[in-house]
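Okay, here's what each chain looks like letter by letter:
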Amino acid sequence: MGLFAKLETVGRARAAITAAGIDPFSTTFERLESPTRGVMNGRPVLLAGTNNYLGLTFDAGCIAAGCRALEEAGTGTTGSRMANGSYAGHRRLEEELADFYGMRSAIVFSTGFLANLGMIAALAAPGDVTLIDADCHASIYDGCRLSGADIIRFRHNDAADLAKRLRRLGSRVADTLVIVEGIYSMLGDRAPLVEITAATRAAGALLMVDEAHALGVLGEGGRGRAEEAGVLDQVDFIVGTFSKSLGNIGGYCVSPRPELEWVRYASRPYIYTASPSPGTIAATRAALQQLIARPELRRRLWENAARTYAGLRDMGFALGPEPGPVVGVFLPDAETTLGMWHALLREGVYVNLVLPPAAPGGGSLLRISLSAAHTAAEIDLLLAAFAVLRERTDLPAAFGGRKGTGTDAGAGGMAP
Ligand code: PMP
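Residue positions are counted from 1 within each chain, in the order its sequence is given. Selection of residues for local features in this predicted model requires a pLDDT of at least 70, selection of side-chain atom pairs for listing and counting requires 80 or more, and totals for whole chains, interfaces and linings are taken over all residues. Calculation of side-chain values draws on the structure's entire complement of heavy atoms; hydrogens and water are dropped beforehand.

Under the DSSP-based scheme used, a helix requires at least four consecutive residues in state H or I and a strand at least two consecutive residues in state E, with every element numbered from the N terminus. From N to C terminus, the protein chain includes 15 helices and 15 strands. Our radius of gyration looks at C-alpha atoms and nothing else; its globule reference is 2.2 Å times the residue count to the power 0.38. For 416 residues, the compact-globule estimate of 2.2 N^0.38 gives 22 Å, and the protein chain sits close to it at 22 Å. Principal axes of the C-alpha set define a box for the protein chain whose edges measure 60 × 55 × 55 Å. Here's how the labels work: a residue is buried when its accessible area is under 20% of the maximum for its type, exposed when over 50%, partly exposed in between, all with a 1.4 Å probe on protein chains only. In the protein chain, buried positions account for 54% of the 416 residues. The contact rule is simple, with two residues in contact once any of their heavy atoms fall within 4.5 Å. Within the protein chain, contacts between residues separated by at least 24 positions form 67% of all contacts whose residues are at least 6 apart in sequence. In these tables, accessible area is a Shrake-Rupley quantity obtained with a 1.4 Å probe, and a residue counts as shielded only by the protein chains included in the view. Here the protein chain displays about 17,300 Å² of accessible surface, and carbon together with sulfur accounts for 55% of that area. Of the charged side chains in the protein chain, 40 are positive and 43 negative; the average position of the first set lies 2 Å away from that of the second. Positive charges come from Lys and Arg, negative ones from Asp and Glu, while His and the chain ends are left out of the count. For the purpose of locating charges, the reference atoms are NZ of Lys, CZ of Arg, CG of Asp and CD of Glu.

Put into structure tokens, the structure is as follows:
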């Protein structure tokens, strides 16, 4: 029973959550009808928790490209590129990503999670330092652990704290990899990349930015937070995913550095797993072209994000610090959050349930993600469902309860 003891703890926590007759872990979409509409438990549901930022999952061109590749090259590669060889599509996608960023080269990984594991563990080793924003994604933490390097966290989005920790490292900065995200996944807030790149470069460390949630979302050309902040030429490695704005699955790293090519030979999460299937690669390439050719998708996404954020803030909800494609709604405890999540489903709206320890600060959240594909009427529906909840739920004032302090309650960022 020794090995199972820790699973028992997980099982007990799950049982406590599902005791009220709500099982958030077995949600299944019986049908997907569009990027924003599905059917769950026989009822239509508005999808507002998908990361489908540009709404490209049902794009006819992407689907056709995927189908063609399935027919021409088969369903899967059945092995890794190192052992079985690359398909032409893998190479083309890497060239297209490098061109898109104006960088020297790119590596495609099988997922974004593996891109972080594969890059961090290839770059850093025992004796080195990974210096990461405290709110970084689990794949960044796991990549740092896999590398065996020392892991130091700096305060979320605090470039002064980063600079202080870099100074303290002394000569070890030469062996230090700083890692941040462009947009953070739970609250949708952006990294202060001008200050972070300045601090990192002044110290002489290397910088990696995970643009998973910012690709296609920020920057004139949709390249992400580094483009928006004007520091694309000062970032050593950009990692990202195909699973959000590109509506597919896979990950990548682009870099101006020639050393990136060596990573292929040193990265176990690249070498020892099957490469993405032909259909995946072809549909992702088509989605990247859509991202480039249709900046109006980005504009629509931001209109939806701004409306949602303003609407919820005006209802008094406690939100993340700024409008973004992800809007985090802070709630006082897991029980309330679970109840509200379920009530939203009853209203026909699906958002993400985030319980401790997944949310920053160990709190509980309802996480909304917007899409360019949401219509104005769908945003109305989303806001109306939250308005119903706010009326029905007796929230403490700081979380926008009926006896709340109005619009200011949500403006202060992290909830208590
Ligand atoms: N990085 C960040 C910041 C993420 O939020 C995620 C996924 N949520 C990933 C990496 C992993 O991406 P993928 O889904 O492609 O594994």
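There is more to say after this.
Another point: the domain arrangement of the protein chain. An automatic or database domain assignment supplies the residue ranges for each domain. By the assigned domains, the protein chain splits into domain 1 (19-54 + 295-399) and domain 2 (58-293). One C-alpha centre belongs to domain 1, the other to domain 2, and the line joining them spans 27 Å. Contact residues are listed per partner, giving 27 residues for domain 1 and 22 residues for domain 2. A buried area of about 2,000 Å², summed over both sides, lies between domain 1 and domain 2, and 60% of it is on carbon and sulfur atoms. Within this document, salt bridges are pairs made up of a side-chain nitrogen of Lys or Arg and a carboxyl oxygen of Asp or Glu, the two lying within 4 Å of each other. Where domain 1 touches domain 2, the interface holds 1 salt bridge. Across the salt bridge formed by Glu 322 and Arg 190, the nearest N and O atoms sit 3.1 Å from each other. By the criterion applied in these results, polar contacts are pairs of N or O atoms within 3.5 Å in which, for protein atoms, one can donate a hydrogen and the other can accept it, and in which residues neighboring in sequence qualify only through two side-chain atoms. Linking domain 1 with domain 2 are 6 residue pairs in polar contact (both at pLDDT 80 or more), by the criterion used here. Mapped by element, the contributors of at least two residues to the side of domain 1 that touches domain 2 are helix 13 (295-315), strand 12 (326-331) and strand 15 (364-369). Top element by residues in the side of domain 1 that touches domain 2 is helix 13. It accounts for 5 residues. Residues are grouped as follows: Ala, Val, Leu, Ile, Met, Phe, Trp, Tyr, Cys and Pro are nonpolar; Asp, Glu, Lys and Arg are charged; all remaining types, including Gly, are polar. Residue classes in the side of domain 1 that touches domain 2 are distributed as 16 nonpolar, 6 polar and 5 charged. Two parts lose some accessible area (1.4 Å probe) when they are put together, and adding that loss for both gives the buried area.

Moving on: the environment of Ala 202. Structurally, the position occupied by Ala 202 is in helix 8 (residues 193-203). A relative accessible area of 70% places Ala 202 in the exposed class.

Another aspect to go through is unusual backbone geometry. Only a minority of non-glycine residues have a phi that is not negative, and only a minority of peptide bonds are not trans. Here Pro 356 and Pro 357 are connected by a cis peptide whose omega angle stands at 5°. With respect to the helices and strands, Pro 357 occurs in the loop between strand 14 (352-354) and strand 15. Not every positive phi belongs to a glycine, and Thr 78 is a case in point at roughly 55°. Judged by relative accessible area, Thr 78 falls into the exposed class, the value being 72%.

Pairing between two strands is assigned when DSSP locates at least 2 bridges connecting them. If you walk across this open sheet you meet the 7 strands as 4-10-9-8-7-5-6, and the pairing is mixed. On the outer flanks of this sheet lie strand 4 (105-109) and strand 6 (150-154), each paired with one strand and no other. Across this sheet, the average inter-strand angle for adjacent strands is 20°, counted without regard to direction. Here strand 8 (residues 206-210) pairs with strand 9 (residues 237-241) via 3 bridges, running parallel. Looking at the pairing, Val 209 lines up with Ile 238 of strand 9. Axes here mean lines fitted to C-alpha atoms, for a helix over just the part in contact, with angles spanning 0 to 180 degrees between N-to-C directions.

The next subject is the state of the cysteines. When the sulfur atoms of two cysteines share a covalent bond, that bond is a disulfide. Disulfides are defined in this document as cysteine sulfur pairs within 2.5 Å. For the structure shown, the criterion picks out 0 disulfides. Cys 67 forms no disulfide, and the closest cysteine sulfur to it belongs to Cys 62, at a distance of 11 Å. Taking the relative accessible area as the measure of exposure, Cys 67 reaches 41% and is therefore partly exposed. Considering cysteine sulfurs only, Cys 144 is the nearest to Cys 253, which forms no disulfide, with 14 Å between them. Owing to a relative accessible area of 0%, Cys 253 belongs among the buried residues under this scheme.

What follows deals with helix 7 (residues 159-168). Of the residues making up helix 7, those classed as buried are Ala 159, Asp 161, Leu 162, Ala 163 and Leu 166. Looking at the buried side of helix 7, the elements it contacts are strand 5 (129-133), strand 6, strand 7 (176-181) and helix 8. For helix 7, the N-terminal cap is Asp 158; the gap from its side-chain oxygen to the backbone nitrogen of Ala 160 is 3.2 Å. Looking at the residues trailing helix 7, positive phi occurs at Gly 170, about 60°.

Among the 5 residues of strand 9, 5 are classified as buried, and the element is accordingly described as predominantly covered. Side chains of strand 9 alternate between two faces, with Phe 237, Val 239 and Thr 241 and Ile 238 and Gly 240 buried alike. Taken together, the 4 bridges between strand 9 and strand 10 (residues 251-255) define a ladder with antiparallel strand orientation. Within strand 10, the residue paired with Thr 241 across the bridge is Gly 251.

Together, Met 1, Phe 4, Leu 7 and Val 10 give the surface a local cluster of nonpolar side chains, amounting to about 470 Å² of exposed area. As for its position among the elements, Val 10 is in helix 1 (residues 5-18). Judged by its relative accessible area of 54%, Val 10 falls in the exposed class. Note that patches include only residues with greater than 30% relative accessible area and no salt bridge, and the join distances are 9 Å for like charges and 5 Å for nonpolar side chains (Val, Leu, Ile, Met, Phe, Trp, Tyr).

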